[in-house]
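Breakdown of the fold
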Amino acid sequence: MHQQPNQQDRNGNTNSNANTAKSTVDSDRRKTLGTLGLFSLMGATGLISCGGGSSNSSTSSSSTASTASISSTSTNAATSSSSGSCTLIPTETIGPFPLSTLLNNSLVLRENIAEDKTGVPLQVKLKLVNVNNNCSPVSAYVYIWHCDKDGLYSGYSTNNNAGQAGQTYCRGIQYTDTSGVTHFTTIYPGWYAGRITHIHFQIFLTTYSSTAQSTAISQMAFPAAVTTAVYNSSLYTKGQNTSVTSFAADNVFSDGVEYQLATVTGSVEEGYVAELEVGISV
């Protein structure tokens, strides 16, 4: 659900950070604008258990422990950004676990965010384009965060997220390359009660900190077939998401994922690449 600032999250917490985002996208405007472009694919190998790397580093993968596999390409309806047609990314709640204070630590500037967490390898590529300038590449910082394979978020200890205080896994910031693309190495997210699989992201044009104003806050969705294959693997011991079984039933994506559904390629054995074009107003 594309939400206005100060909307409550799944734990009833008020989203005070969401007022850093630009205005939400008018649904009629979203339907008439061009859709997303696809960009190049890359592979990853093995299930990973890795330490945090620098912005120029990545970690090697260990052998897979999964039994299910899929080789899948899922695309959202798209118009090439080279034609000058792109769409403003919908604004979503920042959620209950942004850990914004981590943005004051320079160590968060890293490409490999998995740390010691195991899971199916995932490369995340977000391509930023300017909806006000013929979809030209945008230079900016991108902060992403997501839960581990068991549905836990680093940095918080609550009733449904116990024992994670002081942790920083599955969080990181990267600056876009000359093509407007940020690259992250991580693991495929798990799930927790009340939400379908997703990754949070926040965009900062000039600088990032816990008090810096962001240009966009949104979430990436994943194709159902890929998620099913991942959760069928032996490493994801929680199995399939029994709390939310479709986008329509999700409290964030129930109004559609046309501009937030990643293009995903790969397999459980070799890992996946998730790519999304993100239109912002500059």
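Residues numbered from 1 in each chain as written. Predicted model: local features only at pLDDT ≥ 70, side-chain atom pairs only at ≥ 80, totals over all residues. Heavy atoms only, no water.

Some details on unusual backbone geometry
For Cys135, which is not glycine, the phi dihedral falls at a positive 60°. Relative to the helices and strands, Cys135 resides in the loop between β3 (121–130) and β4 (136–137). The class of Cys135 is buried, set by a relative accessible area of 6%. Notably, Cys170 is not glycine yet its phi reads approximately 60°, a positive angle. Take Cys170: it is sitting in the loop between β5 (141–145) and β6 (171–175). (Helix = DSSP H or I, 4+ residues; strand = E, 2+ residues; numbered from the N terminus. Buried < 20%, exposed > 50% of the residue type's maximum accessible area, 1.4 Å probe, protein only.)

Notes on the pairing of β5
Within β5, 5 of the 5 residues are buried, leaving the element largely enclosed by the surrounding structure. Here β5 shows no split at all, with Tyr141, Tyr143 and Trp145 on one side and Val142 and Ile144 on the other all buried. Bridging between β5 and strand β8 (residues 198–204) involves 5 bridges; their strand directions are antiparallel. Paired with Tyr143 across the bridge in β8 is Gln202. (Pairing = 2+ DSSP bridges.)

Re the state of the cysteines
The full count for this structure, using the stated rule, is 1 disulfide. For Cys86, the disulfide goes to Cys135, at an S-S distance of 2.2 Å. The S-S bond linking Cys86 to Cys135 shows a torsion near -110°; that makes this disulfide left-handed. Of the two residues, Cys86 is situated in the loop between β1 (48–49) and β2 (118–119) and Cys135 in the loop between β3 and β4; the sequence distance between them amounts to 49 residues. The two residues Cys86 and Cys135 agree in class, both being buried. Unpaired in terms of disulfides, Cys147 finds its nearest cysteine sulfur in Cys170, a separation of 7.7 Å. (Disulfide = S-S within 2.5 Å.)

Some details on the nonpolar core
Membership of the largest hydrophobic core comes to 34 residues, with the highest contact counts inside it found for Tyr188, Phe201, Met220 and Tyr272. Mapped onto this core, the elements with two or more residues apiece are β3, β5, β8, β9 (216–221), α2 (224–231) and β11 (271–280). Of all hydrophobic cores here, the second largest spans 17 residues; its members include Tyr141, Tyr143, Cys147 and Tyr208. (Core = buried A, V, L, I, M, F, W, Y, C linked by side-chain atoms within 4.5 Å.)

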